[in-house]
2 protein chains.
Amino acid sequence: MARLSSGDRPTVKDVAAVAGVSATTVSRVLAGNYPVAATTRGRVMRAVKQLDYVANAQARALVGGGPRTVAFIIRDLVGPLFAYIGQGVEQQTTAEGRLCLVCTHNGDPDRELELIELMREQQAEAVVLVGGGVRSAANLERMTQLANALDRTGSRLVLCGRPPIGPDVPSTVVEYDNEGGAFAATNYLISLGHRQIAIIGVGEPEHTTTKARFGGYTRAHKAHGLKVAKQRVLPGAYERESGYQQTKGLLARGVPFTAIFAITDVVASGVLFALHEAGLRVPEDVSVIGYDDIPLAADLTPGLSTVHLPHEELGRTAIRLALHRDEYALDQHVVLGTHLVVRGSTGPVPHK
Amino acid sequence: MARLSSGDRPTVKDVAAVAGVSATTVSRVLAGNYPVAATTRGRVMRAVKQLDYVANAQARALVGGGPRTVAFIIRDLVGPLFAYIGQGVEQQTTAEGRLCLVCTHNGDPDRELELIELMREQQAEAVVLVGGGVRSAANLERMTQLANALDRTGSRLVLCGRPPIGPDVPSTVVEYDNEGGAFAATNYLISLGHRQIAIIGVGEPEHTTTKARFGGYTRAHKAHGLKVAKQRVLPGAYERESGYQQTKGLLARGVPFTAIFAITDVVASGVLFALHEAGLRVPEDVSVIGYDDIPLAADLTPGLSTVHLPHEELGRTAIRLALHRDEYALDQHVVLGTHLVVRGSTGPVPHK
DNA sequence: TTGTAGGCGTTATCAC
DNA sequence: GTGATAACGCCTACAA
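This is a predicted model, so every value here is computed, not measured.

**Details of the overall build of chain A**
Next, step 1: Across its full length, chain A holds 13 helices and 12 strands.
Next, step 2: A globule of 352 residues ought to have a C-alpha radius of gyration of about 20 Å, yet chain A, at 27 Å, is considerably larger.
Next, step 3: Counting only C-alpha atoms, chain A reaches 95 × 40 × 30 Å along its principal axes.
Next, step 4: A total of 352 residues make up chain A; the buried ones form 53% of that total.
Next, step 5: For chain A, long-range pairs separated by at least 24 residues make up 73% of all intrachain contacts whose partners lie at least 6 apart in sequence.

**A word on the relation of the copies chain A and chain B**
Note on the chain copies: they are related by a rotation about an axis and a translation along it.
Next, step 1: Here chain A sits on chain B after a turn of 180 degrees about the axis and a move of 0.1 Å along it, with an RMSD of 0.1 Å. Within this description, the copies of the chain are treated as partners about a two-fold rotation axis. The rotation axis passes nearest to the C-alpha of Leu101 of chain A in chain A, at a distance of 2.3 Å.
Next, step 2: With an isologous cut-off of 70% or more, the 100% of interface residues of chain A that recur at the interface of chain B puts this contact in the isologous class.

**What to know about the domain arrangement of chain A**
Next, step 1: Taken domain by domain, chain A comprises domain 1 (12-62), domain 2 (69-176 + 311-337) and domain 3 (178-309).
Next, step 2: Computed from C-alpha atoms alone, the centre-to-centre distance between domain 1 of chain A and domain 3 of chain A is 63 Å.

**Some remarks on a nonpolar patch on the surface**
Next, step 1: Together, Leu62 and Val63 of chain A together with Leu62 and Val63 of chain B make up a nonpolar patch on the protein surface, roughly 410 Å² of accessible area in all.
Next, step 2: Mapped onto the elements of the fold, Val63 of chain A is located in the loop between α4 (57-62) and β1 (69-74).

**Overview of the pairing of strand β4 (residues 157-160) of chain A**
Residues and elements named next belong to chain A.
Next, step 1: Residue alternation in β4 divides its side chains into two sets, Leu157 and Leu159 and Val158 and Cys160, and both sets are buried.
Next, step 2: Bridging between strand β3 (residues 126-130) and β4 involves four bridges; their strand directions are parallel. Its bridge partner lying in β4, Leu129 is registered against Leu159.
Next, step 3: The handedness of the β3 to β4 crossover, carried by helix α7 (residues 137-152), is right-handed.

**Considering the state of the cysteines**
Here, the word disulfide means a covalent bond between the sulfur atoms of two cysteines.
Next, step 1: Scanning the entire structure with this criterion turns up zero disulfides over all chains.
Next, step 2: With no disulfide partner, Cys103 of chain B has as its closest neighbouring cysteine sulfur the one in Cys100 of chain A, 7.9 Å distant.
Next, step 3: The buried category is assigned to Cys103 of chain B, whose relative accessible area is 5%.
Next, step 4: Unpaired in this structure, Cys160 of chain B has its nearest cysteine sulfur neighbour in Cys100 of chain B, at a distance of 11 Å.

**Points about the packing of helix α10 (residues 240-253) of chain A against helix α11 (residues 265-277) of chain A**
Residues and elements named next belong to chain A.
Next, step 1: It is the contact of α10 with α11, at a shortest axis distance of 6 Å, that shows an interaxial angle of 40 degrees. By the angle between their directions, the pair α10 and α11 is classed as oblique. Crossing hand, α10 versus α11: right-handed. Where α10 abuts α11, its residues Arg240, Ser242, Gly243, Tyr244, Thr247 and Lys248 lie against Val266, Val267, Ser269, Gly270, Val271, Phe273, Ala274, Leu275 and Glu277.
Next, step 2: Residue composition of the contact of α10 with α11, grouped by class: seven nonpolar, five polar and three charged.

**Some details on the packing of aromatic side chains**
Residues and elements named next belong to chain B.
Next, step 1: A full pass over the atoms with the stated rule returns eight aromatic pairs over all chains.
Next, step 2: A centroid spacing of 5.8 Å and a plane angle of 25 degrees characterise the contact between Phe214 and Tyr217, whose relative ring orientation is stacked. With Phe214 and Tyr217 both in helix α9 (residues 208-223) and three residues apart, this pair spans about one turn of that helix.
Next, step 3: Since its relative accessible area comes to 25%, Phe214 is described here as partly exposed.

**A few points about the protein's contact with DNA strand C**
Next, step 1: Lining the immediate environment of DNA strand C, one finds 24 residues, of which Tyr53 of chain A together with Thr24, Thr25, Ala37 and Thr40 of chain B sit closest.
Next, step 2: Backbone atoms, meaning sugar plus phosphate, form 60% of the atoms of DNA strand C positioned within 4 Å of the protein.
Next, step 3: One of the backbone nitrogen or oxygen atoms of Val12 of chain A is found 2.7 Å away from a phosphate oxygen of DNA strand C.
Next, step 4: One nitrogen or oxygen atom from the side chain of Tyr53 of chain A is found 2.4 Å from a phosphate oxygen belonging to DNA strand C.

**Let's talk about the interface of chain A and chain B**
Next, step 1: Each partner contributes to the interface: chain A provides 49 residues, whereas chain B provides 49 residues.
Next, step 2: For the pair chain A and chain B, the two sides together bury roughly 4,600 Å², of which 52% comes from carbon and sulfur.
Next, step 3: There are eight salt bridges connecting chain A and chain B.
Next, step 4: Between Asp299 of chain B and Arg240 of chain A there is a salt bridge, with the nearest N and O atoms lying 2.0 Å from each other.
Next, step 5: On the surface where chain A and chain B come into contact, there are 19 residue pairs in polar contact (both at pLDDT 80 or more).
Next, step 6: Going through the elements one at a time, α4, α5 (80-95), β2 (99-104), α6 (109-121), α7 and α12 (295-299) of chain A are the ones with two or more residues in the side of chain A that touches chain B.
Next, step 7: Its residues placed into classes, the side of chain A that touches chain B shows 22 nonpolar, 15 polar and 12 charged.

**Brief notes about the sheet that holds strand β9 (residues 287-289) of chain A**
Residue and element names in this part refer to chain A.
Next, step 1: Strand order across the open sheet formed by four strands is β7-β6-β8-β9, with parallel pairing between neighbours. Single-partner strands in this sheet number two, and they are β7 (233-234) and β9.
Next, step 2: Of the strand pairs in this sheet, strand β6 (residues 197-200) and strand β8 (residues 259-262) are connected by four bridges, and their pairing is parallel. Looking at the pairing, Ala198 lines up with Ile260 of β8.
Next, step 3: Sheet contacts for helix α8 (residues 178-191): β6, β8 and β9; angle to β9, the most-contacted strand, approximately 170 degrees.

**Observations concerning helix α3 (residues 38-51) of chain B**
Residues and elements named next belong to chain B.
Next, step 1: Taking 1.5 Å as the rise per residue, α3 with 14 residues should run 20 Å; its terminal C-alpha atoms sit 20 Å apart, in good agreement.
Next, step 2: Among the residues of α3, those classed as buried are Thr40, Val44, Ala47, Val48 and Leu51. All buried residues of α3 fall inside an arc of 105 degrees around its axis, so they share one side. Those residues of α3 that are exposed and angled more than 90 degrees off the buried face are Ala38, Thr39, Arg46 and Lys49.

**Some points on the protein's contact with DNA strand D**
Next, step 1: The local shell around DNA strand D holds 23 residues, among which Thr25, Arg28 and Thr40 of chain A together with Val12 and Tyr53 of chain B are the closest.
Next, step 2: Here DNA strand D approaches the protein such that, of its atoms within 4 Å, sugar and phosphate make up 63%.
Next, step 3: Contact between DNA strand D and Ser27 of chain B: a phosphate oxygen at 2.9 Å from a side-chain N or O atom of the residue.
Next, step 4: Interatomic distance of 3.3 Å between a backbone N/O atom of Asn56 of chain B and a phosphate oxygen of DNA strand D.
Next, step 5: Where the surface near DNA strand D is concerned, the elements lending two or more residues are α2 (23-31) of chain A together with α2 (23-31) and α4 (57-62) of chain B.
Next, step 6: Per-class residue counts for the surface near DNA strand D are 13 nonpolar, eight polar and two charged.

Analysis parameters
- Residues numbered from 1 in each chain as written.
- Chains lettered and ligands numbered in written order.
- Predicted model: local features only at pLDDT ≥ 70, side-chain atom pairs only at ≥ 80, totals over all residues.
- Heavy atoms only, no water.
- Helix = DSSP H or I, 4+ residues; strand = E, 2+ residues; numbered from the N terminus.
- Rg over C-alpha atoms; globule rule 2.2 N^0.38 Å.
- Buried < 20%, exposed > 50% of the residue type's maximum accessible area, 1.4 Å probe, protein only.
- Contact = heavy atoms within 4.5 Å.
- Least-squares fit on C-alpha atoms with pLDDT ≥ 70 in both.
- Domains from an automatic or database assignment.
- Patch = residues over 30% accessible without salt bridge, like charges linked within 9 Å, V, L, I, M, F, W, Y side chains within 5 Å.
- Areas by Shrake-Rupley, 256 points an atom, 1.4 Å probe, with all protein chains shown as cover.
- Salt bridge = Lys/Arg side-chain N within 4 Å of Asp/Glu carboxyl O.
- Pairing = 2+ DSSP bridges.
- Right-handed = clockwise from strand over helix to strand, strands pointing away.
- Disulfide = S-S within 2.5 Å.
- Axes fitted to C-alpha atoms, helices over the stretch in contact; angles between N-to-C directions.
- Parallel < 35°, antiparallel > 145°, perpendicular 65-115°, else oblique.
- Left-handed = near helix turned anticlockwise from the far one by under 90°.
- Nonpolar A, V, L, I, M, F, W, Y, C, P; charged D, E, K, R; others polar.
- Phe/Tyr/Trp six-rings, centres within 6.5 Å; stacked < 30°, edge-to-face > 60°.
- Near = heavy atom within 4 Å.
- Polar contact = N/O pair within 3.5 Å; in protein donor to acceptor, adjacent residues only side chain to side chain.
- Buried area = accessible area lost by both parts, 1.4 Å probe.
- Expected span 1.5 Å × (residues − 1).
- Arc of directions from axis to C-beta.

Right, here's the structure in full:
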């Protein structure tokens, strides 16, 4: 009874004392995996209620019990893209009976590495890295070390929406076909007759996502015997503002173009705004295509043509593969398909 | 050396053995809070590197060390509103040197209770409940018990964007002025001359958020001596689709209205779409106002007038208050202000 | 400056 | 069916 007013939690011992049994018996009743006399069980349960006993997950974990945890490392929680992947990760994690630890690194690759270390201490069963990033050689090397370290202890590095680190690095990789989607988008614009297609958002050429999407854009041009004009390849971050500014700059410099491929939908929303401001009609004067198919895309006016990514599926698949890698002979590198979604922002090239 | 190939993690003992010192010394070197000879420290560090030793956070937690964790319980991760609050929670949690455990309940109040139990086992230092919810008497009672239980063990129930459970329930509450914002929004429409203002999204009248916003709408009417017409109070969930369907229904039934107050911006986006489809101009024919000021609001055409909520600040404040409640004499119930954001979707009442 | 002993809360093992 | 005991990995007295 003294326990009830005390500031610290009651333990199995306290319950045992109240119920007049041993700690072992309490543990057995709670676990329910061992025969215990009905009357004893009743006494124990009553004591549990009375003391409002709650097991200590940390102590449990130490002896190998309790739910395991999956770490989820992401840039931030606000991007609609990240949110959907996170949703998939969290849902599957919960469905698998695991807990979900979330950390953000705000785009800092070093912080990302630190967080992996931290999650290693936390005994995470899998460490999920979401979204593309800039990769230096040093970063890749450290990442390789960490992947191996995790693997050695039965954990797993999971790359979600980002290409593999290297050929022999133990990791689970689930990405989408960024290059293919960009190819399809550019190809579609070309098939509509566009020959002067600007691309906006190539600010960090070494960013894995940027690289792949720009690669698809380039390949589509090559496939049609078209040259990529430098004046139509514009930098900028993955932000609305950069879409807006770059479009204004394009117009100000008088660079000719009939279509704009924005590297993300968010960038595209800024592009649309700048065009609208300049009195240009979409798609009559300029066609615009985005990438990601975030919810916003359908709500823009006109509806934004874009490349759809299976966000939630990405997260779900990643967790599923990582947690069941020993059960089935699952391929630990999956590339999910992307597809073009045509809405109102794209149309045939305008007549001169 | 044998350890290096083994599947399980090296412990302080292994490091001690390699370094030729005792486990205690290793612990001291790692903690850095106790004098250790420089040479010894060197040997230990080398052994740590060699074995790639990583501390076991669970064992640490058991003896009172290591980072504490804050639990973050939310409906889902995809809503833009939740995302921003989550961002605030996560950032502040990290800034305070804590880890962030995330769980979703998909709107199921029972699941929410279960999760609180689970987080209690996890020894969470604070359990943050985000967003409004439906509250039955039984739910409130159980919630009260849990709040007390958490309080008794030095933890804390934190209500974020939701009203207090009861007068004497130990908890930290940070909410925004839903009623006041709804009053301001409705009042603004009335001041523009509108007298037939429909409200869409009152589907769950007992939902705490719905209740407060509908309350503000009602109070504004009363303040101007206007009556709330039942035919203009429409149900519907917090979804785009429901905004769309309810608006169509309103038009089909021929209910007169000159303005629509959508209970959330997401609902408003559906409203705008339905009006557009029906050939009605906004704001010339109908004014529309939303609530939340999610990023989408600014991107809609026309820009959506709405009530701004300080999302991130909400999350940050909640964590700050909860974690420092003993240090300062902080008020554990804060109501953050909301304010009207006027964009293009509202205008004077059309002439007959 | 370093080492030894004990304990955190739980469960598994082995005896009764 | 039930209970003592050891062990998980770490840290903090207390000794030396």
